[in-house]
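Take a look at the letters that make up each chain.
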Amino acid sequence: LDDILTTCNPTGITLIGCDAAISSIHHLMAGDSLKDNPPKLGGGGGTSFRPPFEWVDKEGAIPSALIYFTDMYGDFPPQEPAYPTIWCKTTSVKAPWGEEIEIKIKHEG
């Protein structure tokens, strides 16, 4: 996200912390740094991917894309939204729709 904030110059990013429900919403602007000021996201329990998509619908937002950082273990929405979805995933689990990007987690210790 820091790279998106510093190189893509977005008009804004909404960062949603979610497990089975939304636990936090943070509005970020181009130039903000998550490394310097990491927000508390909350959550950590069972996962449903539905709440952020429902929030977008409820807010009437039209995102350029919804980027979901996940291990892919959760309850997917029943249908693909009209906007692009990118699943940044830490496992080989397949999404029912959207683009997938596998990311490697650096384990310390």
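Everything below is about the structure shown above.
Treat the numbers as computed from the prediction; the structure is a model and nothing was measured.

## Remarks on the pairing of strand 1 (residues 13–18)
- Relative to strand 2 (residues 22–28), strand 1 is paired through six bridges, and the arrangement is antiparallel. Bridging across to strand 2, Leu 15 finds its partner in His 26.
- Here strand 1 folds back onto strand 2 in antiparallel fashion, the turn holding three residues.

## Some thoughts on the nonpolar core
- Counting residues in each nonpolar core, the largest one holds 13 residues, and the members touching the most others are Phe 53, Leu 66, Tyr 68, Phe 76 and Trp 87.
- Of all the secondary-structure elements, those providing two or more residues to this core are helix 2 (50–59) and strand 3 (66–70).
- Counting residues per element, this core draws most heavily on helix 2, which supplies three residues.
- Dropping the residues within four chain positions of it, Leu 66 is found in contact with Phe 53, Val 56, Tyr 83, Pro 84, Thr 85 and Ile 86.
- By size, the runner-up hydrophobic cluster in this structure holds five residues, among which are Leu 5, Leu 15, Leu 28 and Leu 34.

## Some details on helix 2
- Of all the positions in helix 2, only Pro 51, Pro 52, Phe 53, Trp 55 and Val 56 are classed as buried.
- Of the surrounding secondary structure, the elements contacted by the buried residues of helix 2 are strand 1, strand 2, strand 3 and strand 4 (85–89).
- Looking one or two places after helix 2, you find Gly 60, whose phi comes out positive at around 70°.

## Looking at the packing of aromatic side chains
- Under the defined criterion, the tally for this structure stands at ten aromatic pairs.
- Between Phe 53 and Trp 97, the aromatic rings sit 5.6 Å apart at their centres with planes inclined by 85°, giving edge-to-face as the arrangement. In this pair, Phe 53 sits in helix 2 while Trp 97 sits in the loop between strand 4 and strand 5 (99–102), placing the two residues 44 residues apart along the sequence.
- Classification of Phe 53 as buried rests on a relative accessible area of 5%.
- Measuring from ring centre to ring centre gives 5.6 Å for Trp 87 and Trp 97, while their planes differ by 55°; the resulting arrangement is tilted. Separated by ten residues along the polypeptide, Trp 87 in strand 4 and Trp 97 in the loop between strand 4 and strand 5 bring together distant segments of the chain.
- A relative accessible area of 0% means that Trp 87 is categorised as buried.
- Exposure remark for Trp 97: the relative accessible area of 10% places this residue in the buried category.

## Here we look at the pattern of salt bridges
- Tallied over the entire structure, the rule returns three salt bridges.
- Here Asp 75 and Arg 50 are joined by a salt bridge, their closest N and O atoms 3.1 Å apart. Of this pair, Asp 75 sits in the loop between strand 3 and strand 4 while Arg 50 sits in helix 2; the two residues are 25 residues apart in sequence, bridging distant segments of the chain.
- What makes Asp 75 partly exposed here is its relative accessible area of 35%.
- Measuring nitrogen to oxygen at the nearest pair gives 3.9 Å for the salt bridge that ties Glu 59 to Lys 58.
- Residue classification places Glu 59 among the partly exposed residues on the basis of a relative accessible area of 44%.
- According to the relative accessible area criterion, Lys 58 is exposed, its value standing at 66%.

Analysis parameters
Residues numbered from 1 in each chain as written. Predicted model: local features only at pLDDT ≥ 70, side-chain atom pairs only at ≥ 80, totals over all residues. Heavy atoms only, no water. Pairing = 2+ DSSP bridges. Helix = DSSP H or I, 4+ residues; strand = E, 2+ residues; numbered from the N terminus. Core = buried A, V, L, I, M, F, W, Y, C linked by side-chain atoms within 4.5 Å. Buried < 20%, exposed > 50% of the residue type's maximum accessible area, 1.4 Å probe, protein only. Contact = heavy atoms within 4.5 Å. Phe/Tyr/Trp six-rings, centres within 6.5 Å; stacked < 30°, edge-to-face > 60°. Salt bridge = Lys/Arg side-chain N within 4 Å of Asp/Glu carboxyl O.

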